[in-house]
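Examination of the molecular architecture
The lines below spell out each chain.
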Amino acid sequence: MDKFKVRGGKPLRGRIEIGGAKNSALPCLAATLLTADTVTLHNVPYVRDLITQRRLLEDLGATVLTPELRTHKVTAGNIEVFEAPYHLVKTMRASVLALGPLLGRFGQAKVSLPGGCAIGTRPIDLHLKAFEQLGATVSLESGDVVARAPKGRLVGSVIDFEKVTVTGTENVMMAAALAKGATTIRNAAEEPEIEDLAELMNKMGARIKGAGTSTITIEGVEGLGGAEHTIIPDRIETGTFMVAAAITDGEIEIRSCRPDHLTAVIEKLREAGVEIDELNPSTLLVRRSSAGLVARDVTTEPHPNFPTDMQAQYMALMTQADGESKVIETIFENRFMHASELIRMGADIAISGNTAVVRGKRRLMGAPILASDLRASASLVLAALCADGETVIDRVYHIDRGYETIVRKLRSLGADIERIKEGLVAEVETEV
Ligand code: UD1
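Computed from a predicted model, the values in this text were never measured in an experiment.

Time to look at the overall build of the protein. Regarding its fold elements, the protein presents 14 helices and 25 strands. For 432 residues, the compact-globule formula gives about 22 Å, and the C-alpha radius of gyration of the protein, at 21 Å, lands near that figure. Its C-alpha atoms put the protein at 65 × 45 × 40 Å along the principal axes. For the protein, with 432 residues in total, the buried portion stands at 56%. Taking as baseline every contact in the protein between residues at least 6 positions apart, the subset at least 24 positions apart corresponds to 72%. One finds the centroid of the 50 positive side-chain charges in the protein at a distance of 1 Å from the centroid of its 57 negative side-chain charges.

Right, here's the structure in full:
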């Protein structure tokens, strides 16, 4: 298993380019299953989860060409299997995104119950309940969810989600696009990735309105066609590099990003003493303010509020801020696994239920630590970058799921980080 070796204490300086959003590319790739025509997606990040999603499409019978590294041309003309198998779903929960399009287009779908990040129980009951409301029958057979539309086609309905769910909203949008009649989603997720998916689907001929707000309407159509689309920049990668600039007391120009997708993060970081200049609509210049970092509480909530996917990185930052801050996690239970590793490095963090109290301005010391999930790994890398001495982070396959060539990017900013492959030091980061 690969590890990262980090020698901390170097301020990161320079420029980096943000890649495409993993959480947008995943549903957009799933949406290619809605048509027999070719859908071309640009700016698909080269990360493990997308490789898994591509495998899933190919296993189902789609052809995926990559004329360039980050361009996928998908043709799902000959779909003969309607099943996302366990060996893929267990490594990536987003495989459940195959359910909506398969059910919408073919009236049948089978997906193993998901695995993915170890961040608490992550049920898909809301997705399944919504499919039932669209007229599907859903049953659990030997660990698989089997969904069928009795007359081969779903029927539009009103879906009122009792809890905001991102992939649930996306699954319903995809399932309802080819249903008979109109569907309204209430209490829909408002994430930028939902808007991006709707934009792609509308280019394919879908009739979706309101994506990006809490009420989405989908007018079912008879068929969808090919389209070409560029995936939005990854807002979580952007936020992670913003914290990297602040935590190492460096200065990073972050290019090809969408600051308007990160309003809550930018606001919170500014409150906490991070200077963020918007050089133009897609470039940020980020550095710690001369007055230093100050502790500020944060609560994770659905978009447009502070995202749970930035909680771990923000907690790492708070270990260096002046004062005491509360980090409250309201989306996922068990999403504080990075805290115990940060404590091993010298952080002062007390957890009680969904609240972490961080006493800041602690000197972090390098230590052997374990990554436990995707965003936790990012927070450990950030902590290691500002710690004294050497940190070895094990199980970095988690970070490979969502951050493209992170070692290469950090090294280009002056970080002393290397990937260790089975005991050997990799000179150049292997593309994952
Ligand atoms: C997506 C993101 C993930 C992010 C999360 C929250 C993708 C591929 N992943 O995950 O990075 O952390 O949104 O912003 O886009 N829930 C249920 N029943 C369901 C579905 C969800 O109880 O059927 C609960 C979950 O356990 C969680 C909350 O709803 O407590 C939100 O989860 P959800 O928005 O569905 O997360 P994902 O879509 O899996």
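Around the ligand, a shell composed of 20 residues is seen, among which Arg93, Thr165, Thr167, Asp309 and Ile331 lie nearest. A distance of 2.7 Å separates an oxygen atom of the ligand from a polar side-chain atom of threonine 165. Contact with the protein chains removes 89% of the 740 Å² of surface that the ligand exposes when unbound. Broken down by secondary-structure element, the contributors of at least two residues to the shell around the ligand are α1 (22–31), α5 (125–133) and α6 (166–177). When residues of the shell around the ligand are assigned to their parent elements, the largest contribution, three residues, is made by α5.

The next subject is the confidence of the model for the protein. On average, residues of the protein carry a pLDDT of 94, and 96% of them reach 70 or more. The model gives residues 425–432 a pLDDT under 50, and that stretch makes 23 contacts with residues more than four places away or in other chains.

Below, the discussion takes up the pairing of strand β1 (residues 3–7). The two faces of β1 differ: Phe4 and Val6 on one face are buried, but Lys3, Lys5 and Arg7 on the other face are not. Across five bridges, the pairing between β1 and strand β24 (residues 416–421) is antiparallel. Residue pairing across strands places lysine 3 opposite isoleucine 420, the latter belonging to β24. Looking at chain direction, β1 and strand β23 (residues 390–394) are connected through five bridges and run antiparallel.

On to the nonpolar core. Among the nonpolar cores identified, the biggest contains 75 residues, and Met173 and Met201 are the most heavily contacted of them. Apart from the residues lying within four places of it in its own chain, the contact partners of methionine 173 are Ile185, Ile194, Leu197, Ala198, Met201, Ile208, Ile216 and Ile218. With 69 residues, the next largest nonpolar core counts Ile18, Leu269, Leu284 and Ala387 among its residues.

Cis peptide bonds are those with omega within 30 degrees of zero, and the linkage from histidine 303 to proline 304 qualifies with 10°. You can see proline 304 is positioned in the loop between β18 (298–299) and α10 (311–318). Backbone geometry places asparagine 43, a non-glycine residue, at a positive phi of 65°. Tracing the sequence through the fold places asparagine 43 in the loop between β3 (38–42) and α2 (48–60). When its relative accessible area of 25% is taken as the criterion, asparagine 43 is described as partly exposed.

How each quantity is defined
- Residues numbered from 1 in each chain as written.
- Predicted model: local features only at pLDDT ≥ 70, side-chain atom pairs only at ≥ 80, totals over all residues.
- Heavy atoms only, no water.
- Helix = DSSP H or I, 4+ residues; strand = E, 2+ residues; numbered from the N terminus.
- Rg over C-alpha atoms; globule rule 2.2 N^0.38 Å.
- Buried < 20%, exposed > 50% of the residue type's maximum accessible area, 1.4 Å probe, protein only.
- Contact = heavy atoms within 4.5 Å.
- Lys, Arg positive; Asp, Glu negative; His and termini not counted.
- Charge placed at Lys NZ, Arg CZ, Asp CG, Glu CD.
- Near = heavy atom within 4 Å.
- Polar contact = N/O pair within 3.5 Å; in protein donor to acceptor, adjacent residues only side chain to side chain.
- Areas by Shrake-Rupley, 256 points an atom, 1.4 Å probe, with all protein chains shown as cover.
- pLDDT = per-residue confidence, 0-100.
- Pairing = 2+ DSSP bridges.
- Core = buried A, V, L, I, M, F, W, Y, C linked by side-chain atoms within 4.5 Å.

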